Amino acid sequence: KAGVTQTPRYLIKTRGQQVTLSCSPISGHRSVSWYQQTPGQGLQFLFEYFSETQRNKGNFPGRFSGRQFSNSRSEMNVSTLELGDSALYLCASSLSMGQGDYGYTFGSGTRLTVV
Amino acid sequence: AQSVTQLGSHVSVSEGALVLLRCNYSSSVPPYLFWYVQYPNQGLQLLLKYTTGATLVKGINGFEAEFKKSETSFHLTKPSAHMSDAAEYFCAVAGGGNKLTFGTGTQLKVEL
């Protein structure tokens, strides 16, 4: 069974631009979460979607947004990119909410570099 | 609120030696605890998790962890290190929904 698919794997953008990252969860998984990983801040929670609704949000500015479609695929968008947005963005899917019961499966991530 | 502290950002062991990676947690509710491994340029792979029940949890690749409530710890061990275990390891806690709070990670180096 296919895992969590994130596209693209690598991305280079210029400061001030916007970017959209895509995540396709495991078939049947309805919960998708996004994390940002940087050397300085480590792994930080961005947001979580379940049944097309944002259920939880981390402490990130409004430039970071996301959405989930009816097929559970998710996108996240970062507008007005800053150098500090350079990071590995990880998507994770789960059957449902309630991490302890179902567990996450992570994708390989999208490496975003802002120049 | 939940938090995780991983003691030691870098750990080095010899091949065949015991691996011990330390994790202490703080949680205002009964925690769900996890260990993930990350290889270079890859995502996170779940090694094991504790939810309820047995406090000694066995995971993949010979790893195990013991939940000790009195010590608020969830240390990861493996009896005999292999070169392929070299990676970064993250301890995480979940207290509500699917949000994970991660530790800062421990880079494991395995030497011949």
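Below, the structure is looked at part by part. Remember, it's a predicted structure, so these values are computed and weren't measured experimentally.

A few points about the overall build of chain A
Thinking step 1. When you go through chain A residue by residue, the secondary structure sums to one helix and eleven strands.
Thinking step 2. Order of helices (α) and strands (β) in chain A, N terminus to C terminus: β-β-β-β-β-β-β-β-β-α-β-β.
Thinking step 3. The C-alpha atoms of chain A give 13 Å as radius of gyration, which agrees with the globular expectation for 115 residues (13 Å, within 12%).
Thinking step 4. Counting only C-alpha atoms and orienting by the principal axes, one finds that chain A spans roughly 40 × 25 × 25 Å.
Thinking step 5. Within the span of chain A, comprising 115 residues, buried residues form 50% of the whole.
Thinking step 6. Long-range pairs, those at least 24 residues apart, make up 54% of the contacts in chain A with a sequence separation of at least 6.
Thinking step 7. In chain A, the 11 positive side-chain charges and the 6 negative ones have mean positions that sit 5 Å from each other.

Section: the state of the cysteines
Thinking step 1. For the structure shown, the criterion picks out two disulfides over all chains.
Thinking step 2. With a sulfur-sulfur separation of 1.8 Å, Cys23 of chain A is cross-linked through a disulfide to Cys91 of chain A. The chirality of the disulfide connecting Cys23 of chain A with Cys91 of chain A is left-handed, given an S-S dihedral of about -55°. Pair noted here: Cys23 of chain A is in strand β3 (residues 19–24) and Cys91 of chain A is in strand β9 (residues 87–94), with a separation of 68 residues, a long-range link. For the pair formed by Cys23 of chain A and Cys91 of chain A, the shared burial category is buried.
Thinking step 3. Cys23 of chain B shares a disulfide with Cys91 of chain B; S-S distance 1.9 Å. Taking the sign of the S-S torsion, -60° for the link of Cys23 of chain B and Cys91 of chain B, the bridge is left-handed. With a gap of 68 residues between them, Cys23 of chain B in strand β3 (residues 19–27) and Cys91 of chain B in strand β9 (residues 87–94) connect regions that are remote in the sequence.

A closer look at the nonpolar core
As a rule of thumb, nonpolar side chains are buried together in soluble globular proteins.
Thinking step 1. Among the nonpolar cores identified, the biggest contains 26 residues, and Trp35, Leu48, Leu76 and Tyr89 of chain B are the most heavily contacted of them.
Thinking step 2. For this core, the elements supplying multiple residues, two or more each, are β2 (10–14), β3, β4 (32–38), β5 (44–50), β7 (64–68), β8 (73–78), β9 and β11 (106–111) of chain B.
Thinking step 3. If we skip the residues at most four places from it in the chain, Leu76 of chain B touches Val19, Leu20, Leu21, Trp35, Leu47, Leu48, Phe63, Glu64, Ala65 and Tyr89 of chain B.
Thinking step 4. With 21 residues, the next largest nonpolar core counts Val19, Ile26, Trp34 and Ala87 of chain A among its residues.

Examining the interface of chain A and chain B
Thinking step 1. Taken together, the contacts link 26 residues of chain A with 18 residues of chain B.
Thinking step 2. In this assembly, chain A packs against chain B so that about 1,600 Å² is buried in total across both faces, 52% of it on carbon and sulfur atoms.
Thinking step 3. At the boundary of chain A with chain B, the tally comes to three residue pairs in polar contact (both at pLDDT 80 or more).
Thinking step 4. Secondary-structure elements contributing two or more residues to the side of chain A that touches chain B are β4 (31–38), β5 (42–50), β9 and α1 (99–102) of chain A.
Thinking step 5. Of the residues contributing to the side of chain A that touches chain B, the split by class is ten nonpolar, twelve polar and four charged.

Quick notes on the rules
- Residues numbered from 1 in each chain as written.
- Chains lettered and ligands numbered in written order.
- Predicted model: local features only at pLDDT ≥ 70, side-chain atom pairs only at ≥ 80, totals over all residues.
- Heavy atoms only, no water.
- Helix = DSSP H or I, 4+ residues; strand = E, 2+ residues; numbered from the N terminus.
- Rg over C-alpha atoms; globule rule 2.2 N^0.38 Å.
- Buried < 20%, exposed > 50% of the residue type's maximum accessible area, 1.4 Å probe, protein only.
- Contact = heavy atoms within 4.5 Å.
- Lys, Arg positive; Asp, Glu negative; His and termini not counted.
- Charge placed at Lys NZ, Arg CZ, Asp CG, Glu CD.
- Disulfide = S-S within 2.5 Å.
- Core = buried A, V, L, I, M, F, W, Y, C linked by side-chain atoms within 4.5 Å.
- Buried area = accessible area lost by both parts, 1.4 Å probe.
- Polar contact = N/O pair within 3.5 Å; in protein donor to acceptor, adjacent residues only side chain to side chain.
- Nonpolar A, V, L, I, M, F, W, Y, C, P; charged D, E, K, R; others polar.

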